[in-house]
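# Per-entry structural report
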Amino acid sequence: PYVKISGGISNLSFGFRGVMKIRESIHSVFLQHAILESGMDVGIVNPHEMLHISELEDDIKVACDNLVFNKSEDSTDVMLELTKREKARIEALKNGGGAVEEKKSSWRDLEVIKRLEHALINGISQYIDKDVEEARQKAEKPLHIIEGPLMDGMNIIGDLFGAGKMFLPQVIKSARVMKKAVAYLLPFMEKEKIEKMIAEGIDPKDFDENDDSNFAGKVLMATVKGDVHDIGKNIVAVVLGCNNYKVYDIGVMCSCEKILEKAKEYNVDVIGLSGLITPSLDEMVVVAKEMSKAGFKQPLLIGGATTSKMHTAVKISPNFFTVEHPVIHVLDASRSVTVVSSLLSGLKEEYVTDIQEEYDEMREDYYAGLEDRYFLTFDQAKEQKLKIDFDATPPAPTPKTIGVTVAEASLEDIVPYIDWNPFFQTWELRGRYPNRGYPKIFDDEAVGGEAKKLFADAQALMKEIIANKSMYLKGVVGLFPANRTDDGEDVMIYASEEDREAGKVLDTFCMLRQQAEKESDEPYLSQSDFIAPAGYKDHLGMFAVSCFGCDKLVEKYASEHDDYNKIMSQALADRFVEAFAEYLHRVIRTDMWGYAKDESLTEEDLLKIKYDGIRPAPGYPSQPDHTEKTTMWNVIKAEELAGIELSDSLSMMPAASVSALVFAHPESSYFAVGQIGKDQVESYAGRKKMELPRCERWLSPILNYERD
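Here is a short report on the structure shown in this document. Owing to the predicted nature of the structure, the values given are computational and were not obtained by experimental measurement.

### Section: the overall build of the chain
Helices and strands together make up the secondary structure of the chain, namely 25 helices and 15 strands. On the principal axes, the C-alpha backbone points of the chain span a range of 95 × 60 × 50 Å. Burial statistics for the chain: of 708 residues in total, 51% are counted as buried. Within the chain, counting contacts between residues at least 6 apart in sequence, those at least 24 apart form 74% of the total. For the chain, the distance from the average position of its 83 positive side-chain charges to the average position of its 119 negative side-chain charges is 3 Å.

Given below as structure tokens:
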């Protein structure tokens, strides 16, 4: 049962050497059946020469099928005749006047319409301007090229992607080819349009340049107020564009007012909201409520890393959902076309009714679960907190460097620390067991080949970025004397040891504690438990780091109609800054703080967190309150010293940024606070000197009650 099948595919067509079109057609038919039907695992091929089954001419496809399966007695003779025809065509081309350009790939021998389709399906942009110009010379109008071979090719791509036979990186590459082709044709189309209008006595200035009547539908997409993350939104926009939807991407940090204003201006059919940080969830609720008040009828789509079907069903949909204008959570880009096409088709009512019933059931289950779940009072949770014996396991020694330090590193230094798993998740490439994760994904039967290509492209762009220094890393580290407060719930930091002795507090980090009842005797954790009380010389670390330069690179590729490298740049920037955080945390442990100076872990062990201490981030499960970032920024001067800003919703700018607190004690651990009760929220708001309604808004995703 574990046997693998491998073969050198070229042997199959060796007798037809010299006629690549025939050879690759035979290979295409063979591979289609061998891989999808017969379980072939590995084939040795030249990927630059390969033809997709959909590209084969009908007569050649039939002949290849007959030959491979020996279906007819004359199959060899038929193929020989087709080979003669192809040889004659090649010879005629050679003798047809002028020197013939040396062909790098056999598909270049095809006639221009087929070449355009091949370039689209395979994402090859190298020859696109030349081929589009050749097609333009033969076409009656430039528009006919877009409506003909280009859209035909994109329709094939949409079908292949929908059927799971093409993966997201391939789709993005195809979109790049399409955009470049359209960009080449636009000046000719504009000139033709103006000449026609003048001939008809129409003033060209009166023409509506935003005419979008030829699209399958119009979709507005926005990252909500305070959030700067848009890589997922960019991917969805490309995928929808590939399927003939007009996408109006109005950018990041979009206010509710701007979203509704632009939706009216563009008269869109669907509105899509995206967000990464948890405050974005509440902003999406605000948008849904305002859409309802203003009488909007467009379906509302919800997406982004922090979103979920449950949150959409429980918190957002009750404010807007009807059969006419549903609220739908879209898990990833591959689902977006199905959702939008279903909403704009005659099957909308049936499709939406199914989702409405599912969301209603999810809401009922959610609230029933709350009733069944028991929460300790805040006082009870505090009584059962983690009690570390700081005499038996004392705090880490005093850091070598106290205070604030600017941190920098070269991209070359951090490359070994890159965790590539999230990179493949960004591109929606997921291997199946036992080939989940990097590098096992390369062995996956379904996505392994595309994963290898994607990784090779990433390595090439990464080398280019490093050579050109088009991205760079910078951050700030803070290490301070610290003790938890007398009530054990917060952590006070001091500028120096002298200030600690004098009781002069620099600032206070407020923490949250678990309250949901546990079935075991495990303690109810708060990050404050990991810091020793007064009388001990404990310390707290923190850092904020960013990858700069990505925005300029994104602008460059956008101007070149290159969505593939635009998204690749964003994906790499995310990997760079996460690797920088891992690298810097190691420097803190082994040098700046020095409590693990003899640590000798491999990069693989680092990613498995086999070291002492943790680096939880504000806004994440161990401290799910983004407002604690403001305390950190005030203390380490992240904006002044490193140029890392915070938005109104406390999203870090640039988008490729990471911040964290650093705890050194070996008993410190990652955990999720989970849902909390109003008694703790009232205490927390008081300790932070924050008005209760504002505090509840920031903590909305983790409240175990409905706020007013």
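### Some thoughts on the pairing of strand S12 (residues 538–548)
Burial of S12 is extensive: eleven of the eleven residues sit out of reach of the surface. Residues Asp538, Leu540, Met542, Ala544, Ser546 and Phe548 line one face of S12 and the alternating positions His539, Gly541, Phe543, Val545 and Cys547 line the opposite face, and both faces are buried. As paired strands, strand S9 (residues 472–484) and S12 are joined by eleven bridges and run antiparallel to one another. When the sheet's bridge partners are listed, Phe480 is paired in S12 with Leu540. In the sheet, S12 pairs with strand S15 (residues 657–662) via six bridges, with the strands oriented antiparallel. Looking across to S15, one finds that Met542 is bridged to Leu661.

### Notes on the side chain of Arg23
Position of Arg23 among the secondary structure elements: in helix H1 (residues 20–36). The charged side chain of Arg23 is buried without a salt bridge, its nearest counter-charge being Glu24 at 6.1 Å. Of note is the side chain of Arg23, whose polar atom sits 2.8 Å from the side chain of Ser13. Excluding its chain neighbours within four sequence positions, the residues that come into contact with Arg23 are Ser10, Ser13, Phe14, Phe16 and Arg17.

Parameters at a glance
- Residues numbered from 1 in each chain as written.
- Predicted model: local features only at pLDDT ≥ 70, side-chain atom pairs only at ≥ 80, totals over all residues.
- Heavy atoms only, no water.
- Helix = DSSP H or I, 4+ residues; strand = E, 2+ residues; numbered from the N terminus.
- Buried < 20%, exposed > 50% of the residue type's maximum accessible area, 1.4 Å probe, protein only.
- Contact = heavy atoms within 4.5 Å.
- Lys, Arg positive; Asp, Glu negative; His and termini not counted.
- Charge placed at Lys NZ, Arg CZ, Asp CG, Glu CD.
- Pairing = 2+ DSSP bridges.
- Salt bridge = Lys/Arg side-chain N within 4 Å of Asp/Glu carboxyl O.
- Polar contact = N/O pair within 3.5 Å; in protein donor to acceptor, adjacent residues only side chain to side chain.

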